[in-house]
Amino acid sequence: MARVLGENHMDIKHLKNLVALMVENDLTRLELEEGETHILLKRGQAPVVNDMPLPAPVQAAPAPGPAPEAAVTPPQDKPDLRDLTIRSPMVGTFYESSDPDTPAFIKIGDIVEPDTVVCLVEAMKVFNEIKAEVSGRLTRVLVNNADAVEYDQPLFAVEPV
Amino acid sequence: MFSRILIANRGEIALRIIRACRDMGIEAVAVYSKADAGAAYLNLAHDAICIGDAPAASSYLNAAAIMSAAEITDVEAIHPGYGFLAENSTFAQMCRESKIEFIGPSTEAMDLLGNKVKAREVAAKAKVPLVPGSKGVVESEEEAAAVAAKIGYPVMIKASAGGGGRGIRPVHNKATLRSSFRNARAEAEAAFKDGSLYIEKLIERPRHVEVQLLGDRQGAVVHLWERDCSLQRRNQKLIEESPSPHISARTRRKLCSAAVRLAKAAGYYSAGTCEFLVDIEENFYFMELNARIQVEHPVTEMVTGVDILQWQIRVAAGEKLKLRQDAIPQNGTAIECRINAESPDHDFRPSPGKINDFIVPGGPGVRVDTHAYAGYTVSPHYDSMIAKLLVRRPTRQEAINSMKRALEEFKIRPIDTTIPIHQKIFNQPEFVRGDVDTGFIERTFFSSSRAGK
């Protein structure tokens, strides 16, 4: 894979593939050692074997308004359903700051406005400033500096305030 | 040889290119729009990059996004497939300037052959017959009458600025020439803001016969024989076959040699197709050279045994063609039916939607190229072709029999498809005896006596 990962960073795509593998095979735990990298993924709760066909849902009505309060607390590594996502509007390479010696445009906890520049995405030697387009507080950074990103790829999670 | 190629296309041709890459041990990078996210064929690529929203302009025609995807995946070449950017010389140039090979002909050949006037000049120089016509724009009614008398009626008056079948008037005899000329001029002025007209001989009941070409960068060009694509509806091909049932062996040789001469004169390499119109007396006339891989390339692959996609990639990587002209066979007859998600009963309007059942025919000599499957949703954003059904048998009659069987086997539900119209065509005596022309489908199924349906 030609994408630049940086040292000690997980390739998000690689992790997505591992998660897909777990879901496909209904695994709850996957532990992997690749060179100096150790990955441990845990998923949900142990599956309950159920021989009986589930009754067909009657009048499945969509949950009104914002996501319902989950009866089960979602595991910590799942995104908060109330978060907004800032997605990449283009294909290219993600940079968290305008140059390696400058701090990142934003950090977790910062408030962003629609016009806040949150990162750069570089394509064909042109650096494009990416604006938030949303308002809120930054809760998570979903990619690493110098990662390759595709169109619509989630970059940041923002909590509306 | 390339170690990684990006495919700037979608659907069945993207899958075809992925397969060629996998066969050759090359990593394939696919690109996709939001509308194609989740398509199963993307999982067969080594990597898949989302490049934009559903509209082609945002995605498959978005050269900048495609180049970015090529950059971040560090590919050595881009295959454009057909349609989209396949014959866009600006895009080809962008690739090559970024040190990424464009799998297709040179930019110069593309520009030369993409211009109708220049292409005709190259053909004339290569002594390839052209549709007789005026030397250029016809200025007056008098000149029109003189040209028409010289080339012989019937003629076509065509708008220079025309396109899409508009601004074309047939004239069958000199009594109607002057008024037709006046009317054509007025129509062209109104429609295209340019009343310039030229005149070509009207080839009546023409057959469309095209020659598959392969050239390498060392100047070698071979032909892979011809395909007959006379079965069309509104200039869209429905069925193609090889060999053409409409031409003699002698005409075949002359046609194929002419195509090779033209390709060499144009400095053409990679895969390409030289299209001709053939009249009832087997005179043939150059139409255009398509500088790309075509939809119906599998027809030729089946009768010759040559993997055209693989050769395209090899040639792009600088390899010499290892095909000897005298060793390229034309074994048996191959026929292709293009299966579209359209309703023949409703003027072929597109019928997108989710496919629940998808049962693919099989058996000896059957090939199906498709990106669709049970559970796949045909989106309304792109071309409606969802599958190519091909059959190759030792004789044309056997190929027809097997195709009828295969069409019967092919189940795509619940969306409408063009399978029923193909079944009707295969029961038409003219088709079975090999005697159709490009107007056949319209006349037989959609003539005015059936209007108001």
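One can find the structure itself at the top, above this paragraph.
Position labels on residues start from 1 in each chain and follow its written sequence. Naming scheme: in the order in which they are written, chains are lettered from A and ligands are numbered from 1. Reporting of local features is limited, given that this is a predicted model, to residues whose pLDDT is at least 70; pairs of side-chain atoms are given and counted only at 80 or more, and all residues count toward the totals for whole chains, interfaces and linings.

J.: Lay out helix α1 (residues 11-24) of chain B in plain terms, naming residues and giving numbers.
T.: All names here are of chain B. Along its 14 residues, α1 runs 20 Å from first to last C-alpha, staying within 8% of the 20 Å computed at 1.5 Å per residue. α1 sits mainly inside the fold: ten of its 14 residues count as buried. For α1, the complete set of buried residues consists of G11, E12, I13, A14, L15, R16, I17, I18, A20 and C21. Runs of E in the DSSP output that reach at least two residues are strands. Runs of H or I that reach at least four are helices, and both are numbered from the N terminus. Here, expected helix span is obtained from the residue count minus one, scaled by 1.5 Å. Here the C-beta atoms are placed from the backbone, and a residue counts as buried if at least 20 other C-beta atoms lie within 10 Å of its own, exposed if 12 or fewer do, and partly exposed otherwise.

J.: So what's going on with the interface of chain A and chain B? Residues and values would help.
T.: Interface size is commonly expressed as the accessible area that is lost once the parts come together. Two residues qualify as being in contact provided that their C-beta atoms, derived from the backbone, are within 7 Å of each other. Contacts between the two partners involve twelve residues from chain A and, on the opposite side, 14 residues from chain B. Within the side of chain A that touches chain B, the residues separate by chemical class into seven nonpolar, two polar and three charged. Only Asp, Glu, Lys and Arg are considered charged, only Ala, Val, Leu, Ile, Met, Phe, Trp, Tyr, Cys and Pro nonpolar, and every remaining residue, Gly among them, polar.

J.: Describe helix α9 (residues 297-304) of chain B, listing the residues and the values that go with them.
T.: Residue and element names in this part refer to chain B. In terms of burial, α9 is largely enclosed, as eight of its eight residues are buried. Those residues of α9 that fall on the buried side of the exposure criterion are H297, P298, V299, T300, E301, M302, V303 and T304. Note on α9: the residue one or two positions beyond its end, G305, has a positive phi of about 75 degrees.

J.: I'd love a proper account of the sheet that holds strand β11 (residues 236-242) of chain B, names of residues and values included.
T.: Residue and element names in this part refer to chain B. A sheet is described by the order of its strands in space; here eight strands give the open sequence β13-β12-β9-β10-β11-β14-β21-β19, paired in antiparallel fashion. Strands with a single pairing partner mark the edges of an open sheet, and in this sheet they are β13 (284-290) and β19 (366-370). Across this sheet, the average inter-strand angle for adjacent strands is 25 degrees, counted without regard to direction. Two strands are counted as paired when DSSP detects at least two bridges linking them. In terms of strand pairing, strand β9 (residues 207-215) meets strand β10 (residues 221-233) through six bridges, oriented antiparallel. Within β10, the residue paired with E210 across the bridge is R227. Running over the sheet, helix α11 (residues 396-409) touches β14 (333-340), β19 and β21 (385-393) and is turned about 140 degrees from β21. Whenever a helix is involved, its axis is fitted only over the stretch in contact; in every case the axis is a line through C-alpha atoms, and angles between N-to-C directions fall within 0 to 180 degrees.

J.: Got a sec to walk through the pairing of β11 of chain B? Specific residues and values, please.
T.: All names here are of chain B. Across four bridges, the pairing between β10 and β11 is antiparallel. Bridge pairing in β11 links D228 to E241. If you look at the hairpin formed by β10 and β11, you'll find two residues sitting between the two strands, and R234 has a positive phi there, around 50 degrees. Relative to β14, β11 is paired through four bridges, and the arrangement is antiparallel. Bridging across to β14, I239 finds its partner in C337.

J.: Hey, could you go over the sheet that holds strand β3 (residues 84-87) of chain A for me, with residue numbers and the actual values?
T.: Residues and elements named next belong to chain A. An order of β3-β10-β8-β5 is seen for the four strands of this open sheet, with the pairing classed as antiparallel. Only two strands of the sheet have a single neighbouring strand rather than two, namely β3 and β5 (111-112). Two elements, β5 and strand β8 (residues 136-141), share two bridges in a ladder whose sense is antiparallel. Within β8, the residue paired with I111 across the bridge is R137.

J.: Explain unusual backbone geometry residue by residue, including any values.
T.: Residues and elements named next belong to chain B. Looking along the chain, the bond that leaves Y153 and enters P154 is cis, with omega of 0 degrees. With respect to the helices and strands, the residue P154 is situated in the loop between α6 (141-151) and β6 (155-163). Cis geometry is found at the peptide bond from S242 to P243, where omega equals 0 degrees. Within the fold, P243 resides in the loop between β11 and α8 (249-265). Of note, the phi angle at D74 is positive, near 55 degrees, even though the residue is not glycine. As for its placement among the helices and strands, D74 is situated in the loop between α2 (63-72) and β4 (77-79).

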